[in-house]
Amino acid sequence: MANCYIAYPNRVDSTATFSGGSWVSTLPASNMGTRPLKQVARSTDTDVNSTRFTVRLSDQRPIKTLSIINMNLSMSATVQFKVYTGITDPVLAYDSGAVPAYPGGTAAFGTIQWGSDRWWGGLPSAEDAKLFNNNTIHILPDVVTGTKVDVLITDTANIQGFVQIGRMFVGDGWSPDFNMSYGASIGYESRTAVEEVRSGAEYFDIQAGHRTVQFKLDHLDRSEAFGRLFDIQKSVDVHGEVLFLWDMDDPTYVSRTSFLGRLRKLDPIEQPYYDRFSTSFEIKELL
């Protein structure tokens, strides 16, 4: 098991611009720059020239994490990320190559029956994929100071006939030297209201729920405490976006245990013993 990972802040804000590809006029690529994940961008078709786009940031920013959030990509889709540095004449600084939209072997062990057409590939079913907001998350090996990101999606086999994306994430990222302390929790919070009438029958106002994670980092050094954590709290507060991964190296459950969220509260940084620091996190999924 690898350590948890927190990407922050999302540099795709009101000053970022989107271009390229072919997108439905009422669902333009610029919708990937808006906060509600249901305000999606939708390509006009699945041609590779239609499903590509470019994000330009307002200034050079440290980039380590790239993600397309709440997507409808099919299990065979690939995504390529290119990061450019420089303002007036950007030059290519990083190229991911074509990577799977879904990591290999992402279905939980024992959930695919022998003889299924998904047995050898191990990919989740389309029905399983609908359980959560699906994200393609790509972490660069090193931080790149970039101004422009090209995203090239290949999904010509998508049976819906289009590519749909709710949000684009471009930001830095950090993983602590020591992982979350034992007792960390991740779960699903229901937003469905239940009303019981006099007969005892129950009626439900069904609403989409959200995931939450709570954990504590107990063994932070001085640079992590005052370099990273202060930066996270100051830059995102309780309103900014963070992208959380429970385990960086777990493709099997990444769709279940990673999500775009916000900090529910800002806990103080404590010093429990000499030259070591600790703090707690509570992150709520954004919908």
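Predicted, not measured: the structure shown is a model, and the values here were computed from it.

Thresholds applied
Residues numbered from 1 in each chain as written. Predicted model: local features only at pLDDT ≥ 70, side-chain atom pairs only at ≥ 80, totals over all residues. Heavy atoms only, no water. Core = buried A, V, L, I, M, F, W, Y, C linked by side-chain atoms within 4.5 Å. Buried < 20%, exposed > 50% of the residue type's maximum accessible area, 1.4 Å probe, protein only. Helix = DSSP H or I, 4+ residues; strand = E, 2+ residues; numbered from the N terminus. Contact = heavy atoms within 4.5 Å. Salt bridge = Lys/Arg side-chain N within 4 Å of Asp/Glu carboxyl O.

**Observations regarding the nonpolar core**
By size, the foremost hydrophobic cluster in this structure holds 31 residues, and its most contacted members are Met32, Phe53, Leu66, Ile68, Leu73, Ile153 and Met168. Considering every element that reaches this core, the biggest residue donor is strand E4 (residues 52-69), with 6 residues. With near-sequence residues (within four places) excluded, isoleucine 153 lies in contact with Val48, Thr51, Phe53, Ile68, Leu73, Thr78, Val79, Val163 and Ile165. Listed in part, the 21 residues of the second largest apolar core include Ala225, Ile232, Leu263 and Phe277.

**A look at the side chain of aspartate 247**
In this structure, aspartate 247 sits in the loop between strand E14 (242-245) and helix H3 (254-257). Leaving out residues up to four positions away in the same chain, aspartate 247 has contacts with Met1, Ala2 and Asn3.

**Observations concerning the pattern of salt bridges**
For the structure shown, the criterion picks out 8 salt bridges. Across the salt bridge formed by arginine 264 and glutamate 189, the nearest N and O atoms sit 3.0 Å from each other. In this pair, arginine 264 sits in the loop between strand E15 (258-263) and strand E16 (270-273) while glutamate 189 sits in strand E10 (residues 185-189), placing the two residues 75 residues apart along the sequence. Note on arginine 264: relative accessible area 27%, which makes it partly exposed.

**Section: the environment of valine 83**
Residue position: valine 83 is located in strand E5 (residues 78-85). We classify valine 83 as buried; its relative accessible area is 0%. Here the alpha-carbon distance between valine 83 and threonine 145, two residues 62 residues apart in the chain, equals 8.7 Å. Setting aside residues no more than four positions away along its own chain, valine 83 makes contact with Ile63, Leu66, Val91, Leu92, Ala93, Tyr94, Leu140, Val144, Gly146, Lys148 and Val149.

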